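Survey of secondary and tertiary structure
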Amino acid sequence: MSDKFKVLLVEDNYMNKVLVREILTLNGYEIIEAKSGTEALKKLAMERPDLILMDLHLPEMDGITATRIIKSEERNKSIPVLALTASAMKGEEDKIISKGFDGYVAKPIEVRKLLEAIQISLAARKTGEGEKAG
Ligand code: MN
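The structure displayed is predicted, hence computed values, not measured ones.

Conventions used here
By convention here, each chain's residues receive numbers from 1 onward along its written sequence. It should be noted that, the model being predicted, local features are given only for residues of pLDDT at least 70 and side-chain atom pairs only at 80 or more, the latter also being counted only at that level, while totals for whole chains, interfaces and linings use all residues. Remark: hydrogens and water are excluded; side-chain values derive from all non-hydrogen atoms of the structure. Counted as coordinating are nitrogen, oxygen and sulfur atoms within 2.8 Å of the metal, or 3.2 Å for Na, K and Ca, while water is not included, which may make sites look incomplete. Only protein chains enter the area calculation, which uses a 1.4 Å probe; residues under 20% of their type maximum are buried, those over 50% are exposed, and those in between are partly exposed. Only DSSP runs of H or I covering at least 4 residues are called helices, and only runs of E covering at least 2 are called strands; the numbering of each starts at the N terminus. A helix is expected to span 1.5 Å for every residue after the first. Working note: the arc is built from the helix axis to C-beta atom directions. The term polar contact refers here to a pair of N or O atoms within 3.5 Å; inside protein, the definition further demands a hydrogen-donor-capable atom paired with an acceptor-capable atom, and it admits residues adjacent in sequence only when both atoms are side-chain atoms. Strand pairing is assigned whenever DSSP detects at least two bridges linking the two strands. Look down the strands so they point away from you; if going from the first strand over the helix to the second traces a clockwise path, that crossover is right-handed. Note on definitions: salt bridges are taken to be side-chain nitrogens of Lys or Arg within 4 Å of carboxyl oxygens of Asp or Glu.

Those protein atoms acting as donors to the manganese ion are Asp12 (OD), Asp55 (OD) and His57 (O), and they sit at 2.0 to 2.3 Å. Each donor residue of the manganese ion lies on one chain, and together they are spaced D-x42-D-x1-H. Exposure remark for Asp55: the relative accessible area of 4% places this residue in the buried category.

On to the environment of Glu110. Position of Glu110 relative to the elements: it lies in the loop between strand E5 (103–106) and helix H5 (111–133). Glu110 sits in the partly exposed class, given a relative accessible area of 40%. Between the C-alpha atoms of Glu110 and Leu19, which are 91 residues apart in sequence, the distance is 9.9 Å.

For the rest of this paragraph, the subject is helix H1 (residues 14–26). Between its first and last C-alpha, H1 extends 18 Å over 13 residues, near the 18 Å set by a 1.5 Å rise per residue. Within H1 the residues assigned to the buried category are Asn16, Lys17, Val20, Ile23 and Leu24. Buried positions in H1, seen along its axis, are confined to an arc of 140° and lie on one side of it. Seen from the buried face of H1, the exposed residues on the opposite side, beyond 90 degrees, are Tyr14, Met15 and Leu26. Of the residues that open H1, the one with a side-chain oxygen 3.1 Å from the backbone nitrogen of Met15 is Asn13. Just past H1, the residue Gly28 takes up positive phi, approximately 85°.

Along strand E4 (residues 81–85), 5 of the 5 residues are buried, which leaves the element largely enclosed by surrounding structure. Residues Val81, Ala83 and Thr85 point to one face of E4 and Leu82 and Leu84 to the other, with burial holding for every one of them. In terms of strand pairing, strand E3 (residues 51–55) meets E4 through 4 bridges, oriented parallel. Across the sheet, the residue bridging to Met54 is Ala83, located in E4. Handedness of the crossover is the feature at issue here: the chain leaves E3, passes through helix H3 (residues 63–72), returns alongside E4, and the resulting connection is right-handed.

This next bit is on the pattern of salt bridges. Evaluated as defined, the whole model comprises 10 salt bridges. In this structure, Asp102 engages Lys71 in a salt bridge whose closest nitrogen and oxygen atoms are separated by 2.8 Å. Remark: Lys71 occurs in helix H3 and Asp102 occurs in the loop between helix H4 (92–98) and E5; sequence separation between them is 31 residues. Judged by relative accessible area, Asp102 falls into the partly exposed class, the value being 42%.

Rendered as structure tokens:
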């Protein structure tokens, strides 16, 4: 079994997908990919990622709907979901959190901010699991 953190990247934009895949691979993460909300749910039935990066605008099923479903499932609700969004205006974060996301990464994606957001979410998640396991 790999000791790498596994990230599910849900993104339909080719360039964003390539960029995030490169950044995460270079930083030691394992990547699973989906290009729609529907495909993300299918992947989650088979895989157990440590974190999900969710684009908001997706074909078939958008990122907000997919995240609502993920967060309603006992099996998946503890997986942090970070929104990938171009609309990171003031007050926007609260709106995103109210939709069930654990945080967001603004587009255009900055390497440092992406890695920081992922590390913070994984650290928070690990603490929670440690308490449960204790
Ligand atoms: Mn998109």
